[in-house]
Amino acid sequence: MLKLGVNIDHVATLREARYRGRGTGEPDPIEAALICEAAGAHGITAHLREDRRHIQDRDIEKLRQCVKTRLNFEMANSPAMVKTALELKPDIVCVVPENRQEVTTEGGLDVVSRLPALKETRQRMNDAGIQVSFFIAPDPAQIEASAEAGSQFVELHTGAFAENFNRKRERQAELERLAAAAARAHETGLLVNAGHGLNYQNLGMLLEIPRLVELNIGHSIISRSLVVGLAAAVREMLHLMRNYPG
């Protein structure tokens, strides 16, 4: 069964727009996470960015206490974030690139050029009982490097597919690139997740890609929840995923 991880970062984005620096406020990302779990989500994803633009330290600590499914902690490969992850002990960390100027994570992690440092982080996480995923572009070199680093998962960056969804030729090219990447990752022993820019419109076509384990989706579900409610938004996404052939 294809799993759904719900990214709750933008619940915190909305809160921080009004209550930044106050240590309180609404909406509450922890309440949102519990609603998502109750609606059938298989995991919760949260990104503690170094600039703390949305999720705060107190959020991630409470999420570790409350999440009963699977907590996916997105993080930069920095000493501070590695320390936080080792203290937090999430179920899995997803190492992502981070740029303070970006609105959201815009590119894949360059595992090739950072292989020794990422291999060390992967080892430290695994030694602590934490699984590791690298958020990468669907590029053969990045897949080989991720396997060499010993990562358990890769999360394929689906942003180019999402951006080109209304351009038939480009969309097909991106789908083929994602499918080839998933197949190669599977051959190397990596488990394959996917995420970025996925929504209720483009999801059906993405499900043509075999060997996916989990989709991480945030903005689209949180946006939809403003209209139908969060539980309904999660159930609608799960309904779209129900016939994934694997």
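Cut-offs and rules
Note that residues are indexed from 1 along each chain, following the sequence as it is written. Confidence filtering applies because this is a predicted model: local features only for residues at pLDDT of at least 70, side-chain atom pairs given and counted only at 80 or more, and all residues used for totals across whole chains, interfaces and linings. Remark: hydrogens and water are excluded; side-chain values derive from all non-hydrogen atoms of the structure. Throughout, the protein atoms alone are placed on a 1 Å grid, and a set of points is a cavity if a 1.4 Å probe fits but cannot get out or a pocket if it is open with protein on both sides within 12 Å along at least five of seven lines; lining residues have an atom within 4 Å of a point. Grid points are joined across faces, edges and corners, and a volume is the space filled by probe spheres set on the points. A run of H or I in DSSP counts as a helix once it spans at least four residues, and a run of E counts as a strand once it spans at least two, with each numbered from the N terminus. Gly is put with the polar residues, along with every residue not named as nonpolar or charged; the nonpolar set is Ala, Val, Leu, Ile, Met, Phe, Trp, Tyr, Cys and Pro, and the charged set is Asp, Glu, Lys and Arg. Here, a salt bridge means any Lys or Arg side-chain nitrogen found within 4 Å of an Asp or Glu carboxyl oxygen. Accessibility here uses a 1.4 Å probe with only protein chains present; expressed as a share of the type maximum, an area under 20% marks a residue as buried, one over 50% as exposed, and anything in between as partly exposed. One bridge is not enough; two strands pair if DSSP finds at least two bridges between them. Axis lines are fitted through C-alpha atoms, for helices just across the contact stretch, and the angle between N-to-C directions can take any value from 0 to 180 degrees. Only heavy atoms matter for contacts: two residues are in contact if any of them lie within 4.5 Å across the pair.

1. Notes on the layout of surface pockets
Point 1. Space inside the second largest pocket adds up to approximately 220 Å³.
Point 2. Taken together, 14 residues form the lining of the second largest pocket, with Val11, Leu14, Pro27, Ile222 and Ser225 sitting closest to its centre.
Point 3. Elements supplying a minimum of two residues to the lining of the second largest pocket: α1 (9-19), α2 (29-38) and α10 (219-228).
Point 4. Considering every element that reaches the lining of the second largest pocket, the biggest residue donor is α10, with 5 residues.

2. Looking at empty space enclosed by the protein
Point 1. The final tally for this structure, using the stated rule, is 1 cavity of 30 Å³ or more.
Point 2. Empty space within the largest cavity amounts to approximately 30 Å³.
Point 3. Taken together, Asn72, Ile92, Cys94, Ser133, Glu155, Asn193, Glu214 and Asn216 make up the full set of residues lining the largest cavity.
Point 4. Elements that contribute at least two residues to the lining of the largest cavity include exactly β4 (92-95) and β8 (212-217).
Point 5. Looking at the lining of the largest cavity residue by residue, the class counts come to 2 nonpolar, 4 polar and 2 charged.

3. Comments concerning the pattern of salt bridges
Point 1. Applying the stated criterion to the full structure yields 10 salt bridges.
Point 2. A salt bridge links Glu144 to Arg184; the nearest nitrogen and oxygen atoms lie 2.5 Å apart. Of this pair, Glu144 sits in helix α6 (residues 140-149) while Arg184 sits in helix α8 (residues 168-188); the two residues are 40 residues apart in sequence, bridging distant segments of the chain.
Point 3. Given a relative accessible area of 32%, Arg184 falls into the partly exposed group.
Point 4. By sharing partners, the salt bridges in this structure join Arg15, Glu16 and Asp59 into a single network.

4. Things to note about the sheet that holds strand β7 (residues 191-195)
Point 1. One closed barrel holds the 8 strands; their spatial order is β1-β2-β3-β4-β5-β6-β7-β8, and the pairing between them is parallel. The mean angle between the axes of side-by-side strands here comes to 25 degrees, regardless of whether they run parallel or antiparallel.
Point 2. The pairing of strand β1 (residues 3-7) with strand β2 (residues 43-47) spans 3 bridges and is classified as parallel. Looking at the pairing, Asn7 lines up with Thr45 of β2.
Point 3. Here helix α4 (residues 79-88) sits on the sheet in contact with β3 (71-75) and β4, set at roughly 165 degrees to β3.
Point 4. Running at roughly 150 degrees to β1, helix α11 (residues 230-241) makes contact with β1 and β8 of the sheet.

These values are about where atoms sit, not about what they do.
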